[in-house]
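Close look at the chain arrangement
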Amino acid sequence: MKSTLSSDLRSGALVYHRTPRPGKIEIQATKPLGNQRDLALAYSPGVAAACEAIVDDPSEAAELTARQNLVAVITNGTAVLGLGDIGPLASKPVMEGKAVLFKKFAGIDCFDIEVDQKNIEKFVEVVAALEPTFGGINLEDIKGPECFEIEEQLKARMNIPVFHDDQHGTAIIVSAAILNGLDLAGKKIGEVKIVVSGAGAAALACLNLLVELGVNRGNIWVTDIEGVVYKGRTALMDRWKEAFAQETQARTLNDVIDGADIFLGLSAAGVLKPEMAKRMGPKPLIMALANPNPEITPEDALAARPDAMICTGRSDYPNQVNNVLCFPYIFRGALDVQATTINEAMKLAAVRAIAALAREATSDIAARAYGGESTTFGATSLIPNPFDPRLILRIAPAVAEAAMLTGVARKPLIDVEAYRENLSRFVFRSGFIMKPLFAQAKADPKRVIYAEGEDERVLRAAQVALEEGLAVPILIGRPSVIESRVKRFGLTIRPGVDCELINPEDDPRYRDYVQTYLEIAGRRGVTPEAARSLVRTNNTVIAALALARGEADAMITGLEGRFMSRLRHIKDIIGLEPGVRDISAMTLIITNKGAFFLADTHVKHDPTAEEIADMTVLAASHVARFGIEPKIALLSHSDFGAADTPSALKMRKAACLIQERAPELECDGEMEADTALVEMIRERVLPSSRLKGVANVLIFPNLDAANIAYQFAKVLADALPVGPILIGAAKPAHILTGNVTARGVVNMTAVAVVEAQERAAKKA
């Protein structure tokens, strides 16, 4: 089966997987190997001590090796995400992707293992023999009904968690949505009628879990490509499907849909017709989960049944059933108590945790992260957003506690609250930190003008912005050049049709722009002749004028040329936010240890204490847009009065000013960098510090320190930079740097759009 990817997405995906190095994962050492003694401890002869300790007590393997945080993602490639039986080798990119999700969302290390074996007994032998290596097994993309037998045998033989995510991950999220949907509809779970289209692994796992939750098996009607699953049927039957066979003369989906409270589709596009939906019971829950095209589109379903609640497997509709909602966190909880299995109680605990989270009032931070306003539990929010940072804080402890209560935890938690607090280290740790801003940008796209509209990176970013609905691009550049480059790069964007063009050589607004420039900057040394020349030749000036005139909502410049010259034009034309002394710059770096905001990385050479206070307060508001509670450290070579050098005194004074102006901020200083990043060190130096945990906003005493730290982190920590984010300008204006990638331009587009949204909301 061939996927239906667009040519642009296909080529982009291949480049993504191929460069800068093949694949999506790597192995890194967690201990130093810098000298002969390190080598002696890590390998021969010192490693013998660890081996002997495990011989004496096998449970020591959890403390002396990486086993307890290591999961195998295993497949034989017989049922790969809509591609079918493509074999184990071709399935490897998918398994690597699953491993990345484990790591990104829950900090779990993974080896992907592709087994060239379709025979059930031989496959089981291979996997079971791997038990000494792993703390858990995640089975993936194995076709049914073989997957049932494989999981059943492995669970019986292995003393570690074995979890087929295609079955149980889907079942857990579906069950959570059904619990909440029935609550909204005022229906009792033991009385509802469920009609199912599809009888594969996921569908049957959903039904088994729903029966555990209280659904009456006699009220479940299953259909597949052979029609209704009825007693006496012989075609395409097995013992797992037989458990849901009904004594009935009905033979088609159309025969059994009448009065259904829930439609569960895990089959194919278009199976549920609008006229069928009309015959369902009151306030029906329609779960059309076929991908990429559901059994019925939400538009058609709502047209037929305005009272319906609808879930799909797609991210462009509300109520997305996405397995990433649960599988990383279920394994996190199971591994952390060294569970011997993932049992029904643990799965039910995950169901209830997910359902409960959807009902929680959204915190201010989460609201800013997901659309800019609090989401209310209801028909379009039956389940949490897959990127809700609270998922790990709810699901993992619930699963761990269920493991403890059912006696399968070999290492029960001593303090569940302390465990929950410790899990917060995973929140906002991954590259998915940009996801909240993308979601908010899509909710109300704004006009973003790009000064370097001819640049390949901008053109690629503009296409993504259009395809994703992030922004309405405006490109400054020569139409003929842009059109030829679009064609050369194989893009599908249509300049002048999909997005506005401003031709610096011939735009009808030229005279108006010159006049605006003179009105704004005429008393700051800009002569009429200079204005005419700059409006013809300087794209940053054109972009800033368009922004000042209200013809754009945000601007992005800086891919070519000098940062400071562009900053001067922005200050002259856009000006400063009221009450701000000067503009500064903050850069986000996303590392494998978390996300950190650094300031001022690009503007102020040696800011005063007052300017540092201004910059810090403004930076905190920008950080909050990412859905992150700012934890601010004012950095120095001095720890809380240890030295009285000018820079230390400056940071100390800034801390006092910030405390006076914004006492609600969690901010302290002056302190050394390791004191800011390691709470244990800070507790030893100053136990009464206002800063708790790990600082995520690092304010430096001068430009040299901030920029050097940013460059080091970017290169040595292989961090993903976002920015610079210009703070203090009267309107959203951002100056990037020459080494920014197309991805970086897209990220800053989302940042600019969200900033523009907030400014518009304040004016309203």
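Residues numbered from 1 in each chain as written. Predicted model: local features only at pLDDT ≥ 70, side-chain atom pairs only at ≥ 80, totals over all residues. Heavy atoms only, no water.

1. Structural notes on the sheet that holds strand S5 (residues 194–197)
The strand order S7-S6-S5-S8-S9-S10 describes an open sheet built from six strands, whose pairing is mixed. Each edge of the open sheet is held by one strand with a lone partner, namely strand S7 (227–228) and strand S10 (309–312). As judged from the four bridges shared by S5 and strand S8 (residues 262–265), these two strands associate in the parallel manner. Each bridged residue has a counterpart across the sheet, and for Ile194 the counterpart in S8 is Ile262. Packed onto the sheet, helix H8 (residues 165–185) meets S8, strand S9 (285–288) and S10 and runs at close to 160° relative to S9. (Pairing = 2+ DSSP bridges. Helix = DSSP H or I, 4+ residues; strand = E, 2+ residues; numbered from the N terminus. Contact = heavy atoms within 4.5 Å. Axes fitted to C-alpha atoms, helices over the stretch in contact; angles between N-to-C directions.)

2. With respect to the UniProt feature "binding site: NADP(+)" (unreviewed entry) in the chain
Under the UniProt annotation, "binding site: NADP(+)" (unreviewed entry) lies at Val80, Leu81, Gly82, Leu83, Gly84, Asp85, Ile86 and Gly87. With respect to the helices and strands, Ile86 occurs in the loop between strand S1 (70–75) and helix H5 (92–106). Once you skip the residues sitting within four places of it in the chain, Ile86 turns out to touch Gly77, Val80 and Ser91. Residue placement: Gly87 occurs in the loop between S1 and H5. With near-sequence residues (within four places) excluded, Gly87 lies in contact with Asn76 and Gly77. (UniProt positions renumbered as here; feature names shortened; annotations may be inferred.)

3. Description of the sheet that holds strand S14 (residues 554–557)
Spatial strand order, S13-S12-S11-S14-S21: five strands in an open sheet with parallel pairing. Both outer strands of the open sheet, strand S13 (500–502) and strand S21 (733–735), are each paired with one neighbouring strand and no more. On average, each strand axis in the sheet is inclined to that of its neighbour by 20°, with strand direction left out of account. As paired elements, strand S11 (residues 446–450) and strand S12 (residues 471–476) share five bridges and run parallel to each other. Bridging from a neighbouring strand, Val448 pairs with Pro473 of S12. Strand contacts of helix H20 (residues 456–468): S11 and S12, with the helix running at about 155° to S12, the strand carrying the most contacts.

4. Let's talk about the UniProt feature "active site" (unreviewed entry) in the chain
UniProt's entry tags Lys98 with the feature "active site" (unreviewed entry), counted in the numbering of this structure. Here Lys98 lies in helix H5. Discounting residues that sit within four places of it in the chain, Lys98 has contacts with Val73, Asn138, Glu140, Asp165 and Phe327.

5. A look at the packing of H20 against helix H31 (residues 742–763)
Packing of H20 against H31 leaves a shortest axis separation of 8 Å and a crossing angle of 50°. Taken as axis vectors, H20 and H31 run oblique relative to one another. Here the hand of the crossing between H20 and H31 comes out right-handed. Contact residues: H20 offers Arg457, Arg460, Ala461, Val464 and Ala465, while H31 offers Ala742, Val745, Val746 and Thr749. (Parallel < 35°, antiparallel > 145°, perpendicular 65-115°, else oblique. Left-handed = near helix turned anticlockwise from the far one by under 90°.)

6. Remarks on the pairing of S9
The side-chain alternation of S9 yields two buried faces, one formed by Leu285 and Met287 and the other by Ile286 and Ala288. Direction of pairing for S8 relative to S9: parallel, over a ladder of four bridges. Of the residues in S9, the one forming a bridge with Gly265 is Ala288. Pairing of S9 with S10 involves four bridges; the strand directions are parallel. When the bridges of S10 are listed, Ala288 appears paired with Thr312. Regarding topology, helix H13 (residues 298–304) serves as the crossover connection from S9 to the parallel S10, and that connection is right-handed. (Buried < 20%, exposed > 50% of the residue type's maximum accessible area, 1.4 Å probe, protein only. Right-handed = clockwise from strand over helix to strand, strands pointing away.)

7. Observations concerning a nonpolar patch on the surface
Nonpolar side chains collect at one region of the surface, where Leu677, Val678, Met680 and Val694 lie side by side and expose about 330 Å² of accessible area between them. Take Val694: it is sitting in the loop between helix H29 (679–685) and strand S19 (697–699). Look at Val694 and you get partly exposed, because its relative accessible area is 42%. (Patch = residues over 30% accessible without salt bridge, like charges linked within 9 Å, V, L, I, M, F, W, Y side chains within 5 Å. Areas by Shrake-Rupley, 256 points an atom, 1.4 Å probe, with all protein chains shown as cover. Salt bridge = Lys/Arg side-chain N within 4 Å of Asp/Glu carboxyl O.)

8. Topic: the pattern of salt bridges
Side chains carrying opposite charge are able to pair once their charged atoms draw close together. Counting across every chain of the model gives 47 salt bridges. Note that Lys241 is salt-bridged to Asp224, the shortest N-O span being 3.0 Å. Of the two residues, Lys241 sits in helix H10 (residues 239–242) while Asp224 sits in strand S6 (residues 220–224), which places them 17 residues apart along the sequence. By relative accessible area, which is 8% here, Lys241 ends up buried. Here Asp307 and Arg305 are joined by a salt bridge, their closest N and O atoms 2.9 Å apart.

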